[in-house]
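Chain and residue survey
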Amino acid sequence: MRALLLLLMLALGSANAQSIRGVVTNGRTAEAGVWVIAETEDLPTKFAKIVVTDDYGRFLIPELPKASYRVWVRGYGLVDSKKVKARPGDRLRLKANVAPNQGSAAQYYPSLYWYSMLRIPEKGEFPIGKAASQQQWLDAVKSNGCVGCHAMGTAATRTVPQALGHFKSSQEAWARRITSGQAMTSMVNVLGRTDPDRMLAQFAEWTDRVAAGEIPAERPPRPQGAERNVVITLWDWSNPRAYLHDEISTDKRNPTLNAYGKLYGATEESTDLLPVLDPRSHVATEMEHPVRDPETPSSKDDPMAPSPYWGAKPIWDSHTSTHNPMLDERGRLWYTARVRPPQNPDFCRKGSSHPSAQVFPLERANRHLSMYDPQSGKFTLISTCFSTHHLVFAEDANNTLWTSAGGAANPVLGWLNRKVYEETGDEERAQGWTPFILDTNGNGRRDDWVEPGEPLNPAKDQRVVTGLYSVAVNPVDGTVWGTSRSFPGYVVRVNPGPDPAHTALTEIYEPPLPGYGPRGGDIDREGVFWTSLSSGHLASFDRRKCKGPLNGPSATGAHCPEGWALYPFPGPQFKGVLDQGSVESSYYTWVDQFDTVGLGRNVPIATGNLNEGLLALVDGKFIVLRVPYPLGYYAKWLDGRIDDAKKGWKGRGLWSTVATRAPFHLEGGKGTRPKVVRFQLRPSPLAD
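For the structure given in this document, a descriptive report is provided here. (Residues numbered from 1 in each chain as written. Predicted model: local features only at pLDDT ≥ 70, side-chain atom pairs only at ≥ 80, totals over all residues. Heavy atoms only, no water.)

1. Focus on helix 7 (residues 196–211)
Put simply, the rule reads: Going along the chain from the N terminus, every DSSP run of H or I of four or more residues is numbered as a helix, and every run of E of two or more is numbered as a strand. Residue count minus one, scaled by 1.5 Å, sets the expected span of a helix. We call a residue buried when its accessible area falls under 20% of the maximum for its residue type, exposed when it is over 50%, and partly exposed in between, using a 1.4 Å probe and counting protein chains only. Note on contacts: a residue pair qualifies if any of its non-hydrogen atoms lie within 4.5 Å across the two residues. Polar contact criterion, stated in full: a pair of N or O atoms within 3.5 Å, where within protein one must be able to donate a hydrogen and the other to accept it, and residues adjacent in sequence count only if both atoms are side-chain atoms.
Taking 1.5 Å of rise per residue, 16 residues should cover 22 Å, and helix 7 covers 22 Å from first to last C-alpha, within 8% of that figure. Among all positions in helix 7, only Met-199, Leu-200, Gln-202, Phe-203, Ala-204, Trp-206, Thr-207, Arg-209 and Val-210 are buried. Against helix 3 (111–115), helix 4 (134–141), helix 5 (170–177) and helix 6 (184–192) lie the buried residues of helix 7. For helix 7, the side-chain oxygen to backbone nitrogen distance between the N-cap and Asp-197 is 3.2 Å, and the N-cap itself is Asp-195.

This is the structure in structure tokens:
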């Protein structure tokens, strides 16, 4: 054995001053496909780097800043090894700890495997309460419900905290649990979409079985192939009471912008303090986002019951509810942000001369726009008549900023003509919005319409309420795409036309079963739209494959099943669910249009919110880029940046942030801070 170790160490070559190299064995054989984690608190913010061992148990942790590190081994079938001290330049022999039993090994499984133990009512039992079908029930317990804010199946969610109190039954404990903290209303509303008593009993039975020692029936595989080439870097940012929605590192249209530059985060309902990370100096700071009006509502006033983690005092106090950041071509930072109370000014409302208000007046908007200029350090606040949620810049002469509104009940699509705004500073003149109008009379233009729910009129079009959640611009033709989170949900295409307030026409496309429940989505350079489905699929929709009419009285959603392709996410299915799919409840899909990580152009990458990683679809197969530490990685978005194409893999990477609403659910518990996470892909596990 010593001779084998010596040969393996010699095969690694000499260690340089920026890497830690070594080999992992269990005392008898090499441990392939396990993670080696190096972490330090010597830098301005907590820092960690993670790699995977090769077939012979060898590892190389590259590009480490000078510091003293704790290094240990984690892997499936193991429990954590002893942490050893090391510095860049060291070569290590690490001893893996084989798990003494399956229960111990299962504590390191991704939450997906634990959540798969949840029993789902069988199809024949429906309708149950307000859920007409098993699919509607699943939509509520997955990414369009419970998993839309935090993962289910983590150690914190598969157990009931003792600090919650003492109850007659686990069902009573769950009824109290979902009222904890300022997310109470959201959690209660999710149960209200089903049968609350049955749903609470379902969760109680799950946690009772976990408490009795039951473990997942399936075991996760260790990383294979390209999955062993990943290098994961983590930085702490923000604060333990805050949560992140997402981050931005570059301009989506030009991923070389802001090379090696700072990253910016959005903190939604938690705080007005926006986190900033400089990955070169490892410095994490915060800046305060302002509001126009001191009467702007605050999440501090949201109803709540005491939290078992934080007690009766509210921990969120955001006025701005910053949701989605984007960098423009000048490196300025744009947010969807609340800047005033929701009641709209007169120019948005009925009787106004504003062109969009004359078509469809708006009374309220719950979130608006802001722009931060890093050069001047100043915010510009923009009051919009339409509500905003996600945003994206078009590749047109006006650099038009298109926004989604969030929920399916929002009636319009809004935009800001940036050229007009930057030339005049006139927010009223620069903004516009349009209702969603289907060309149901089939004449190719927009006409007067009938309202939602009214019978079709062969002489008119039809208005639908299908507000966008995600938003993307097709680089081929400039059409605006997104998802509608109604059930079974739609992919939505809007052709703005020359005068969007008056000419925009909408098309909606419903995914065919077993697919349902679109959430986040993005488009590739060929015009194919990709979306995460609550059914446990990554789906593509290619409008070019549609065989029938795309307008007219039959083009109301279910008219192009041939345009869809469904790819089941990795991982097991729920007990009692026979449909194809996975427990995976992916929040968002982002398309790597420019090969920012090395997997190729136009690769769709979904957030694996229960796989605790990113899920890249390459040639029809998923590559799982898993984050093994801290347990509970959960992203709501990602982007890719090319810092220096000449430096190969070292100059490329994907960026995300840990975006659970409950960072205290992560490994480490209360006091754990959100993380910035960078994914890089080497040509081999030992590339330096």
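2. Notes on the packing of aromatic side chains
Pairs of aromatic rings are described using the distance from one ring centre to the other and the angle between the two planes. We apply this condition: Geometry of aromatic contacts follows a simple scheme: Phe, Tyr and Trp rings, the Trp one being its six-membered ring, pair when their centres are within 6.5 Å, and the pair is stacked under 30 degrees between planes, edge-to-face over 60, tilted otherwise. Lysine and arginine charges are scored as sitting over a ring when NZ or CZ, respectively, is within 6 Å of the ring centre and within 35 degrees of the ring normal.
Applying the stated criterion across every chain yields a total of 27 aromatic pairs. Centroid distance Trp-334 to Phe-393: 6.0 Å. Interplanar angle 80°. Geometry classified as edge-to-face. Taken together, the positions of Trp-334 in strand 16 (residues 333–337) and Phe-393 in strand 19 (residues 391–393) put the pair 59 residues apart, joining distant regions of the chain. Within the aromatic cluster, the residues linked to one another by ring pairs are Tyr-115, Trp-174, Phe-203, Trp-206 and Phe-574. One cation-aromatic arrangement involves Arg-485 over Tyr-469; the distance from NZ or CZ to the ring centre is 5.2 Å.

3. Describing the pairing of strand 26 (residues 480–484)
Going by this rule: At least two bridges found by DSSP between two strands is the condition for calling them paired.
The element strand 26 is largely enclosed, with a buried count of 5 among its 5 residues. Here strand 26 shows no split at all, with Val-480, Gly-482 and Ser-484 on one side and Trp-481 and Thr-483 on the other all buried. With 3 bridges connecting them, strand 25 (residues 471–473) and strand 26 associate as antiparallel partners. Opposite Ala-472, over in strand 26, you have Trp-481 as the bridge partner. From the end of strand 25 to the start of strand 26, which pair antiparallel, there are 6 residues, and Gly-478 there has a positive phi angle of about 80°. Pairing geometry for strand 26 and strand 27 (residues 490–495), over 5 bridges, is antiparallel. In the strand pairing of strand 27, Thr-483 is matched with Val-491. Connecting strand 26 to the next strand, strand 27, in antiparallel fashion are 5 residues, including Gly-489 with a positive phi near 90°.

4. Concerning the state of the cysteines
Put simply, the test is: Cysteine sulfur pairs qualify as disulfides if the two atoms are within 2.5 Å.
Inspection of every chain in the model, using the stated rule, returns 2 disulfides. Note on cysteine connectivity: Cys-348 is disulfide-linked to Cys-385, with sulfurs 1.9 Å apart. Handedness here is read from the sign of the S-S torsion; for Cys-348 and Cys-385, about -70°, the answer is left-handed. Taken together, the positions of Cys-348 in the loop between strand 16 and helix 8 (355–359) and Cys-385 in the loop between strand 18 (378–382) and strand 19 put the pair 37 residues apart, joining distant regions of the chain. Cys-385 carries the same exposure label as Cys-348, and that label is buried. A sulfur-sulfur distance of 2.1 Å marks the disulfide that ties Cys-546 to Cys-560. Judged by the torsion about the S-S bond (-100°), the Cys-546/Cys-560 disulfide is left-handed.

5. Side note on a positive patch on the surface
Quick reminder of the rule: Excluding any residue in a salt bridge, patches collect residues exceeding 30% relative accessible area, merging like charges within 9 Å and nonpolar Val, Leu, Ile, Met, Phe, Trp and Tyr side chains within 5 Å. Note on areas: Shrake-Rupley, 1.4 Å probe, and residue coverage restricted to the protein chains presented here. Think of a salt bridge as a Lys or Arg side-chain nitrogen and an Asp or Glu carboxyl oxygen that are within 4 Å of each other. Residues counted as positive are Lys and Arg, residues counted as negative are Asp and Glu, and His and the chain ends are not counted. Taken as the charge centre is NZ of Lys, CZ of Arg, CG of Asp or CD of Glu, depending on the residue.
A surface patch of like charges, here positive, comprises Arg-241, Lys-300, Lys-313 and Lys-670. With respect to the helices and strands, the residue Lys-300 is situated in the loop between strand 14 (283–288) and strand 15 (325–327). Judged by relative accessible area, which is 52%, Lys-300 ranks as exposed.

6. A look at the sheet that holds strand 36 (residues 621–626)
Threshold: Think of each axis as a best-fit line through the C-alpha atoms, taken over the contacting stretch in the case of a helix, with angles from 0 to 180 degrees between the N-to-C directions.
Ordered by their spatial adjacency, 4 strands build an open sheet running 33-34-35-36, and the pairing between neighbours is antiparallel. The sheet is open, and its two borders are formed by strand 33 (589–592) and strand 36, each paired with just one other strand. The mean angle between the axes of side-by-side strands here comes to 25°, regardless of whether they run parallel or antiparallel. With 6 bridges connecting them, strand 35 (residues 613–618) and strand 36 associate as antiparallel partners. What sits directly across from Leu-617, in strand 36, is Phe-622.

7. Here we look at the environment of Ala-365
By the secondary structure assignment, Ala-365 is in the loop between helix 8 and strand 17 (368–373). Excluding its chain neighbours within four sequence positions, the residues that come into contact with Ala-365 are Arg-340, Pro-341, Pro-342, Asn-344, Thr-384, Cys-385, Phe-386 and Ser-387.

8. Regarding the sheet that holds strand 15
Strand order in the open sheet formed by 4 strands is 15-16-17-18, with antiparallel pairing between adjacent strands. Across the chains shown, the open sheet's two edge strands, defined by having one partner strand only, are strand 15 and strand 18. The sheet shows a mean angle of 20° between the axes of neighbouring strands, taken without regard to direction.

9. Topic: unusual backbone geometry
Cis geometry marks the peptide bond from Phe-126 to Pro-127, where omega comes out at 10°. Along the chain, Pro-127 turns up in the loop between helix 3 and helix 4. The omega torsion of the bond from Tyr-629 to Pro-630 falls at -10°, within 30 degrees of zero and hence cis. Mapping Pro-630 onto the fold places it in the loop between strand 36 and strand 37 (639–642).

10. Considerations on the layout of surface pockets
Condition: Here a cavity denotes a set of grid points, spaced 1 Å apart and computed over the protein atoms alone, in which a 1.4 Å probe fits but from which it cannot get out, and a pocket denotes an open set meeting protein on both sides within 12 Å along at least five of seven lines; residues with an atom within 4 Å of a point are reported as lining. Grid points are joined across faces, edges and corners, and a volume is the space filled by probe spheres set on the points. When residues are grouped by polarity, Ala, Val, Leu, Ile, Met, Phe, Trp, Tyr, Cys and Pro land in nonpolar, Asp, Glu, Lys and Arg in charged, and all others, Gly among them, in polar.
Its volume calculated, the second largest pocket comes out at about 390 Å³. What lines the second largest pocket is a set of 25 residues, and nearest its centre among them are Asn-398, Thr-400, Trp-402, Trp-415 and Pro-500. Of all the elements in the fold, those that place two or more residues in the lining of the second largest pocket are helix 8, helix 10 (427–430), strand 22 (431–438) and helix 11 (500–503). Here the residues of the lining of the second largest pocket are counted per class, giving 12 nonpolar, 9 polar and 4 charged.

11. Let's talk about helix 4
Most of helix 4 is tucked away, with 7 of its 8 residues classed as buried. Considered for burial, the residues of helix 4 that qualify are Gln-134, Gln-135, Trp-137, Leu-138, Asp-139, Ala-140 and Val-141.

12. With respect to the pairing of strand 38 (residues 652–657)
The element strand 38 is extensively covered by neighbouring structure, given that 5 of its 6 residues are classed as buried. Pairing geometry for strand 37 and strand 38, over 4 bridges, is antiparallel. Across the sheet, residue Ile-642 finds its bridge partner in strand 38, namely Arg-652.

13. Regarding the pattern of salt bridges
Evaluated as defined, the whole model comprises 38 salt bridges. When the shortest N-O distance is used, the salt bridge between Asp-80 and Arg-74 registers 2.7 Å. What makes Asp-80 partly exposed here is its relative accessible area of 22%. Look at Arg-74 and you get buried, because its relative accessible area is 3%. Residue Arg-349 is joined to Asp-346 by a salt bridge in which the shortest nitrogen-to-oxygen separation is 3.7 Å. A cluster of three or more residues bridged by salt bridges with shared partners is formed by Asp-251, Arg-253, Asp-328, Glu-329, Arg-332, Arg-418 and Glu-422.

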